[in-house]
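# Summary of the model geometry
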Amino acid sequence: SIVGVIGVVVKPIVGLSDAFTHLFESFHDIAKSVNLLETKFKAVERHRFPYVFGVKRILLPFNQVDSRSAQLLLSHPVSKKARKGDETIVVSESLQMGHGREQFIIVTTKRVALFKVKP
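From a predicted model like this one, the values you see are computed outputs, not experimental measurements. (Residues numbered from 1 in each chain as written. Predicted model: local features only at pLDDT ≥ 70, side-chain atom pairs only at ≥ 80, totals over all residues. Heavy atoms only, no water.)

### Considerations on the layout of surface pockets
- For the largest pocket, the calculated volume is near 380 Å³.
- Around the largest pocket, the lining is made up of 21 residues, and of these Leu 74, Lys 84, Gly 85, Asp 86 and Glu 87 lie nearest the centre.
- Of all the elements, helix H2 (residues 64-75) adds the most residues to the lining of the largest pocket, at 3 residues.
- Taken together, the residues of the lining of the largest pocket sort by class into 11 nonpolar, 3 polar and 7 charged. (1 Å grid on protein atoms, 1.4 Å probe; cavity = no way out; pocket = protein on both sides within 12 Å on 5 of 7 lines; lining within 4 Å. Points joined across faces, edges and corners; volume = space filled by probe spheres on them. Helix = DSSP H or I, 4+ residues; strand = E, 2+ residues; numbered from the N terminus. Nonpolar A, V, L, I, M, F, W, Y, C, P; charged D, E, K, R; others polar.)

### A short note on the sheet that holds strand E1 (residues 89-98)
- One open sheet accounts for 3 strands, arranged E1-E2-E3; its pairing is antiparallel. Since the sheet does not close on itself, it has two edges, and those belong to E1 and strand E3 (112-117), each with one partner. In this sheet, adjacent strand axes meet at a mean angle of 15 degrees when their direction is disregarded.
- Alignment of strand E2 (residues 101-108) against E3, held across 6 bridges, turns out to be antiparallel. Looking at the pairing, Gln 103 lines up with Lys 116 of E3. (Pairing = 2+ DSSP bridges. Axes fitted to C-alpha atoms, helices over the stretch in contact; angles between N-to-C directions.)

### Digging into the environment of Gly 4
- Its place among the elements puts Gly 4 in helix H1 (residues 2-34).
- Taking the relative accessible area as the measure of exposure, Gly 4 reaches 40% and is therefore partly exposed.
- When the C-alpha atoms of Gly 4 and Leu 74 are compared, they prove to be 82 Å apart, with 70 residues separating the residues in sequence. (Buried < 20%, exposed > 50% of the residue type's maximum accessible area, 1.4 Å probe, protein only.)

### What to know about the pattern of salt bridges
- As enumerated under the stated definition, the model contains 1 salt bridge in all.
- Taking the shortest distance from any N to any O, the salt bridge between Glu 87 and Arg 111 comes out at 2.9 Å. Linking Glu 87 in the loop between H2 and E1 with Arg 111 in the loop between E2 and E3, this pair joins segments that are 24 residues apart in sequence. Accessibility assignment for this pair places Glu 87 and Arg 111 in one class, buried. (Salt bridge = Lys/Arg side-chain N within 4 Å of Asp/Glu carboxyl O.)

Now the structure itself:
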């Protein structure tokens, strides 16, 4: 029959095209894993400085030095029992020490602190 003759010719051709498809998919996967231009970069993490409250727990206008100082104070508490609102920043100053290094001098209601910060 003619259907059988067509099947004898078409089946090997379909098998070869299927093999080439899988071969080229493998090449694509290897090339994609090696391609340096498509490397997945780490997502940008958002960072928010803490709010700074003054006397009588009034929110102060944003000041980057005060906010960074508050962050440093929170990461280095006076004691393990210290809570977020226990000390108030009286004055803080940032000094550029060169080569991207900064020093933060912070006077609070509980302590005087000096932090040396590297980038």
